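As a plain string of letters, each chain reads:
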Amino acid sequence: MRCHIIIAVALWSVCVDSRKIRGISLSYKRFYREKKSFLCIDGSKMIPFEQVNDDYCDCDDGSDEPGTAACPNGRFYCTNLGFRPHYIPSSRVNDGICDCCDASDEYNSHARCQNSCRNLGQRERADVEGQMRTLDEGLRLKQQLIEEGVLLWREKQAQLRDLQQVAEDLQVRLEEHRRRKHEADRLKEQALAASEAEEGSLRRQNSTVTTIFHVLDSNKDGSITVDEVQAKVAFVQEEERVLSEDEAVALLGGGHQMDLSAFRDTLWNSLRTGDSVKIKGTHGAPGSLADEDPNIKAAESAAEREATDLKKVEEAYETVNMEISDLRKKLTIDYGTDWEFLFLNSQCYQLKVYEYTYTLCPFSQVTQKSAVGTEVLLGSR
């Protein structure tokens, strides 16, 4: 009786093993349920189930021989428990080379394969854990850069608002200084017109001609000489340079001296216009109304002062607007969805390759500098 039981168990084990279909995954087991016939997975043919894995290719898609090398287009599924499952070409089944880490592809060959799936799985999991740690560190650094980027972005936005407020204030000041300068110029012209109307230009001119003649006539002998011209007269653009004798003679009308009458018709005309020559140590043409009328002097000083103040405000306004324009350009650059790359805007990195040094300034430019010091711009934003 015991013998019959042992034989029955053995036969049952053989039958179970014979029904096991090699080379298929769990998702494909539904196609290989044991029955009288087998339908090729592509639906092209129906064959007896006994012909599955009989080492003869019946189906065009090779689906009847998943566990043998009979079909050239067949695939064998490596279960690889403990590692990654994958498919191999059926031609590699029982070819004497271990392709599956669980050795399931060499079930009927002379190859002595060891199941290495556990070791491979452990190594892969260790690699994945290392990658995850690297990823976590990268995400941590990215979050840090995002926080810094948000702060920098807010700072630049606040800076832009401050600059815009300064520009608005300067605009108001600019309009006020322009108005004040216009008013100062008007008062200056008004003072000049009033002074001319009061005294008369001819009498003033005669008085001024005589005054300037006596200024140049150092020895008071009634005539102006070459030496006196060299001592008291200079070119407007070269006040420090002493006139040569020929230049002084030319101003004296070709002679070496002249009296008041000749002075009125020659040298006085050049001094009065103030375009080329002038009395040393004076500003403007001699005999101008500003040299004699204190009201005109005050008006001219006020006009000059307002012009200077206006220029300063204009320069400050231009500088602020340039800063606003530059900041706006920086804020239009794409620094990432969360501004994580904003910190790179003010950074530069160098790399030395042989005799060249490359400098990369993100969002700005890239340069190449040779050992001899020649720098070349390779690109800019």
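In what follows, the structure referred to is the one given above.
Residues numbered from 1 in each chain as written. Predicted model: local features only at pLDDT ≥ 70, side-chain atom pairs only at ≥ 80, totals over all residues. Heavy atoms only, no water.

Student: Please set out the overall build of the protein residue by residue, giving values where relevant.
Tutor: When its secondary structure is counted, the protein shows nine helices and 12 strands. Long-range pairs, those at least 24 residues apart, make up 41% of the contacts in the protein between residues at least 6 apart in sequence. Summing over all exposed atoms, the protein offers an accessible surface of approximately 24,900 Å²; the carbon and sulfur share of this is 53%. (Helix = DSSP H or I, 4+ residues; strand = E, 2+ residues; numbered from the N terminus. Contact = heavy atoms within 4.5 Å. Areas by Shrake-Rupley, 256 points an atom, 1.4 Å probe, with all protein chains shown as cover.)

Student: Kindly report on the environment of Leu331, identifying the contributing residues and their values.
Tutor: As for its position among the elements, Leu331 is in helix H9 (residues 294–331). For the pair Leu331 and Trp153, spaced 178 residues apart in sequence, the C-alpha separation works out to 8.0 Å. Once residues within four sequence positions are removed from consideration, Leu331 is found in contact with Trp153, Lys156, Gln157 and Leu160.

Student: Which residues make up the sheet that holds strand E10 (residues 356–361), and what values go with them?
Tutor: The four strands are arranged E9-E10-E11-E12 in an open sheet whose pairing can be described as antiparallel. Across the chains shown, the open sheet's two edge strands, defined by having one partner strand only, are strand E9 (349–353) and strand E12 (375–380). Shown here is a sheet whose adjacent strand axes are inclined to one another by a mean of 20 degrees, direction ignored. Pairing of E10 with strand E11 (residues 365–369), which is carried by five bridges, proceeds in the antiparallel orientation. Looking at the pairing, Thr357 lines up with Lys369 of E11. (Pairing = 2+ DSSP bridges. Axes fitted to C-alpha atoms, helices over the stretch in contact; angles between N-to-C directions.)

Student: Give me the pattern of salt bridges: which residues, what numbers.
Tutor: Side chains that carry opposite charge are capable of pairing whenever their charged atoms lie near each other. Applying the stated criterion across every chain yields a total of 10 salt bridges. Note that Arg178 and Glu175 form a salt bridge whose closest N and O atoms lie 3.4 Å from each other. In this pair, Arg178 and Glu175 are both assigned in helix H2 (residues 117–199), three residues apart and thus about one turn of the helix distant. (Salt bridge = Lys/Arg side-chain N within 4 Å of Asp/Glu carboxyl O.)

Student: I'd like a rundown of the packing of aromatic side chains, residues and numbers included.
Tutor: This structure, assessed with the given rule, holds eight aromatic pairs. Ring geometry for Phe38 against Phe49: centres 6.4 Å apart, planes inclined by 70 degrees, an arrangement best described as edge-to-face. Taken together, the positions of Phe38 in strand E1 (residues 37–39) and Phe49 in the loop between strand E2 (46–48) and strand E3 (75–78) put the pair 11 residues apart, joining distant regions of the chain. Ring geometry for Trp153 versus Trp339: centroids 4.9 Å apart, planes at 20 degrees, classification stacked. Taken together, the residues Trp153 in helix H2 and Trp339 in the loop between H9 and E9 connect sequence positions 186 residues apart. Given the relative accessible area of 17%, Trp153 is considered buried. Look at Trp339 and you get partly exposed, because its relative accessible area is 28%. Chaining the aromatic ring pairs together yields one cluster made of Tyr32, Phe38 and Phe49. Taking the ring centre of Tyr87 as reference, the NZ or CZ of Arg75 above it sits at 3.7 Å. (Phe/Tyr/Trp six-rings, centres within 6.5 Å; stacked < 30°, edge-to-face > 60°. Buried < 20%, exposed > 50% of the residue type's maximum accessible area, 1.4 Å probe, protein only. Lys NZ or Arg CZ within 6 Å of the ring centre and 35° of its normal.)

Student: Can you explain H9? Please cite residues and give values.
Tutor: Along its 38 residues, H9 runs 55 Å from first to last C-alpha, staying within 8% of the 56 Å computed at 1.5 Å per residue. For H9, the full list of buried residues reads Ile296, Ala299, Ala303, Glu306, Leu310, Val313, Val320, Ile324, Leu327 and Leu331. (Expected span 1.5 Å × (residues − 1).)

Student: Go over a nonpolar patch on the surface, please, and point to the residues and values.
Tutor: A surface patch of nonpolar side chains, about 350 Å² in accessible area, is lined by Val128, Met132, Leu135 and Leu139. The class for Met132 is partly exposed, based on a relative accessible area of 42%. (Patch = residues over 30% accessible without salt bridge, like charges linked within 9 Å, V, L, I, M, F, W, Y side chains within 5 Å.)

Student: If you had to explain the state of the cysteines to someone new, which residues and values would you point to?
Tutor: Considering all chains together, one arrives at six disulfides under this definition. Here Cys78 connects covalently by a disulfide to Cys100, the sulfurs 1.7 Å from one another. Here the disulfide of Cys78 and Cys100 is left-handed, its torsion about the S-S bond being about -45 degrees. With Cys78 in strand E3 and Cys100 in the loop between strand E4 (86–89) and H2, this residue pair connects regions lying 22 residues apart in the sequence. According to the relative accessible area criterion, Cys78 is buried, its value standing at 0%. Between Cys101 and Cys117 runs a disulfide, and the two sulfur atoms are separated by 1.9 Å. The disulfide joining Cys101 to Cys117 has a torsion of about 100 degrees about its S-S bond and is therefore right-handed. Placement of Cys101 in the loop between E4 and H2 and of Cys117 in helix H2 is noted, with a sequence separation of 16 residues between them. Residue Cys101 shares its accessibility class with Cys117, and that shared class is buried. When the cysteines engaged in disulfides are numbered in sequence order, the protein pairs them as 1-3, 2-4, 5-7, 6-9, 8-10, 11-12. (Disulfide = S-S within 2.5 Å.)

Student: Requested: an account of the pairing of E11, with residues and values cited.
Tutor: Between E10 and E11, which pair antiparallel and follow one another directly, the connecting turn spans three residues, one of which, Phe363, has a positive phi of 65 degrees. Taken together, the five bridges between E11 and E12 define a ladder with antiparallel strand orientation. What sits directly across from Thr367, in E12, is Leu377. Between E11 and E12, which follow one another and run antiparallel, lie five residues, and Gly373 among them has a positive phi close to 105 degrees.

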